[in-house]
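A closer look at the structure
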Amino acid sequence: MAFEQIIILLIVGIVGLFIYVLLRQQSKQHDLQTLKILQDTLQQGMHETRLTVKESLNDYASDLGKRVEQLTTTTDNRLKEINQQVEKRLAAGFEKTTETFGDVIKRLALIDAAQKKITELSNSVVSLQDILNDKRSRGTFGEVQLSALIRNVIPEQHFSFQHSFSTGKRADCVLFLPEPTGNIAIDAKFPLENFRVMMDSVSSEAERKHAEQQFKVVIKKHIQDIADKYIIHGETADGAMMFIPAEAVFAEIHAHYPDLVEFAQRAKVWMVSPTTLMAVLTTARAVLKDAATKEQVHIIQKLLHSLGADFDRFQKRMDNLARHISQANVDIEEVHTSARKITQRFEQIEKVELDNITQPVNEAALLE
């Protein structure tokens, strides 16, 4: 009885051992399959993660490239606008300068034409005595000659004929010149009756002597009348001009009557002939041009100052833009460096052997 129980127990033990060994083998195979599935899942997950990261980095790099391109386009457009504005201002300044020089050339041509007309008029005058027979003709001739001279040299806004002063006196012409010269009156009513008698060869010696005396008296009175009428303190210059429409009379006075010249100088009345008046008017025109040039120079200086300020702002903005572009370049390089490191990390992870997953991992080597 005991032996049979022992036999049965042995058989039961052997069967149990066999079943245990069989179950152990099945468990080991199941563990291996589970480990294989886990390994495949981990590899697929890492592959998908790497693809996702690469796509994100590519999208970011593309977006960053578009932004840099847009910034470059905006900068180029702004620079073109600034260059166009600068070119417009410079072109406008050059155009004004060209117009000014063109006006000067035109005025010089007018002066030449006026001188030619005066020469032709002098050649066409056969005899001063034949033309100036009466007082009215002499006054008209002087005013016409004075008007022709002034209109051909001085701009319209700087003279006035038959100008009335605050005293009620009226001058044949007034020149409006800048300070300190001021307004200058010109009288064209020169008395020539006695001079015609003096030069008349038919007249007797006594008549010529008497005419000479009367000539000096009338000229002095005329000079004094001009000084009293047309030299007004605070309204005109401290002198006036007496226009003598004949070069012969002007030369006769300066050659044989120095006392009349001295008297006119003391009275601050300047005797002028057509030739000398042309010189005076040319000088007056130069003074007007100088005053206008000073005003234009002031405007040009302001424009140049504004242009300099614009160039300073342009330089500062260009420097700021250069710094931004340089910083953007540095940021792009850093992003590329980070992308390369991330790619290297994924490549190192893929190279890790899962069979040795239980072994210690060299973290320092992976982080290099």
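See the structure above.
Residues numbered from 1 in each chain as written. Predicted model: local features only at pLDDT ≥ 70, side-chain atom pairs only at ≥ 80, totals over all residues. Heavy atoms only, no water.

1. Topic: helix α7 (residues 258-266)
What counts is decided by this rule: Only protein chains enter the accessibility calculation, which uses a 1.4 Å probe; a residue is then buried when its area is under 20% of its type maximum, exposed when over 50%, and partly exposed in between. Strands are runs of DSSP state E lasting at least two residues, helices are runs of H or I lasting at least four, and both sets are numbered from the N terminus onward. As used here, the arc belongs to the directions running from the helix axis to the C-beta atoms. Any two residues having at least one pair of non-hydrogen atoms within 4.5 Å are treated as being in contact.
Residues Leu260, Val261, Phe263 and Ala264 constitute the buried set of α7. All buried residues of α7 fall inside an arc of 165° around its axis, so they share one side. Turned more than 90 degrees from where α7 packs its buried face, Pro258, Gln265 and Arg266 sit exposed. The elements touched by buried residues of α7 are α5 (205-230), α6 (247-256) and β5 (269-272). Of the residues trailing α7, lysine 268 is marked for its positive phi of about 60°.

2. Looking at the nonpolar core
To keep things clear, this is the line we draw: Definition of nonpolar core: a set of buried residues of the types Ala, Val, Leu, Ile, Met, Phe, Trp, Tyr and Cys, connected through side-chain atoms within 4.5 Å.
The biggest cluster of nonpolar side chains holds 31 residues, and the ones touching the most others in it are Phe190, Phe215 and Ile253. Counting residues per element, the ones that place at least two in this core are β2 (170-176), α4 (193-199), α5, β4 (240-243), α6, α7 and β5. Looking at which element gives the most residues to this core, the answer is α5, with seven residues. Dropping the residues within four chain positions of it, phenylalanine 190 is found in contact with Phe215, Ile219, His222, Met242, Phe243, Ile244, Pro245, Val249 and Ile253. Judged by nonpolar contacts, the second largest core, of 21 residues, contains Cys173, Leu175, Ala188 and Ala237.

3. Concerning the packing of aromatic side chains
Stated formally: Pairs were defined over the aromatic rings of Phe, Tyr and Trp, the Trp ring being its six-membered one, requiring ring centres within 6.5 Å. Orientation was assigned from the angle between planes: stacked under 30 degrees, edge-to-face over 60, tilted for the rest.
Enumeration according to the criterion identifies three aromatic pairs in this entry. On the basis of an interplanar angle of 70° and a centroid distance of 5.4 Å, the ring pair of phenylalanine 159 and phenylalanine 161 is categorised as edge-to-face. Judged by its relative accessible area of 7%, phenylalanine 159 falls in the buried class. Residue phenylalanine 161 is classed as partly exposed on the basis of its relative accessible area, which comes to 23%. Taking 5.7 Å as the distance between ring centres and 55° as the angle between the ring planes, the aromatic pair formed by phenylalanine 215 and tyrosine 257 counts as tilted.

4. Re the side chain of aspartate 172
What counts here: In protein, a polar contact requires one atom able to donate a hydrogen and another able to accept it; more generally it is a pair of N or O atoms within 3.5 Å, and residues adjacent in sequence count only if both atoms are side-chain atoms.
Mapped onto the secondary structure, aspartate 172 falls in strand β2. In this structure aspartate 172 comes out as buried when scored by relative accessible area, which is 2%. A distance of 2.7 Å separates a polar atom in the side chain of aspartate 172 from the backbone nitrogen of alanine 188. Polar contacts involving the side chain of aspartate 172 include one to the side chain of lysine 189, which spans 2.3 Å.

5. Overview of the pattern of salt bridges
Convention followed: By salt bridge we mean one thing: a side-chain nitrogen of Lys or Arg within 4 Å of a carboxyl oxygen of Asp or Glu.
By the definition in use, this model includes 10 salt bridges. Among the ionic pairs, aspartate 103 bridges to arginine 107, the shortest N-O distance being 3.8 Å. On the criterion of helical spacing, the pair formed by aspartate 103 and arginine 107 is a turn pair, its members being four residues apart in helix α1 (residues 2-124). The structure contains a network of salt bridges with shared partners spanning Arg89, Asp310 and Arg313.

6. As for the pairing of strand β3 (residues 183-187)
Going by this rule: A pair of strands is labelled paired if DSSP reports no fewer than 2 bridges between them.
With four of its five residues buried, β3 lies for the most part within the structure. Relative to β3, β2 runs antiparallel, the two sharing four bridges. When the sheet's bridge partners are listed, valine 174 is paired in β3 with alanine 185. Count of turn residues in the β2/β3 antiparallel hairpin: six residues, of which glycine 182 carries a positive phi of about 85°. Looking at chain direction, β3 and β4 are connected through two bridges and run parallel. Looking at β4, one finds that aspartate 187 is bridged to methionine 242.

7. Thoughts on the layout of surface pockets
For clarity, the cut-off: Here a cavity is any set of points on a 1 Å grid over the protein atoms alone where a 1.4 Å probe fits but cannot get out, and a pocket is any open set with protein on both sides within 12 Å along at least 5 of 7 lines; a residue lines the site when it has an atom within 4 Å of a point. Grid points are joined across faces, edges and corners, and a volume is the space filled by probe spheres set on the points.
Considering only enclosed or pocket space, the largest pocket measures out at about 990 Å³ in volume. Broken down by secondary-structure element, the contributors of at least two residues to the lining of the largest pocket are α1 and α8 (274-350). In terms of residues, the lining of the largest pocket owes the most to one element, α8, which gives 13 residues.

8. Some words on the pairing of strand β1 (residues 159-164)
With five bridges joining them, β1 and β2 adopt antiparallel strand pairing. When the sheet's bridge partners are listed, phenylalanine 159 is paired in β2 with leucine 175. The antiparallel hairpin formed by β1 and β2 contains five residues in its connecting segment, where glycine 168 sits at a positive phi of about 95°.

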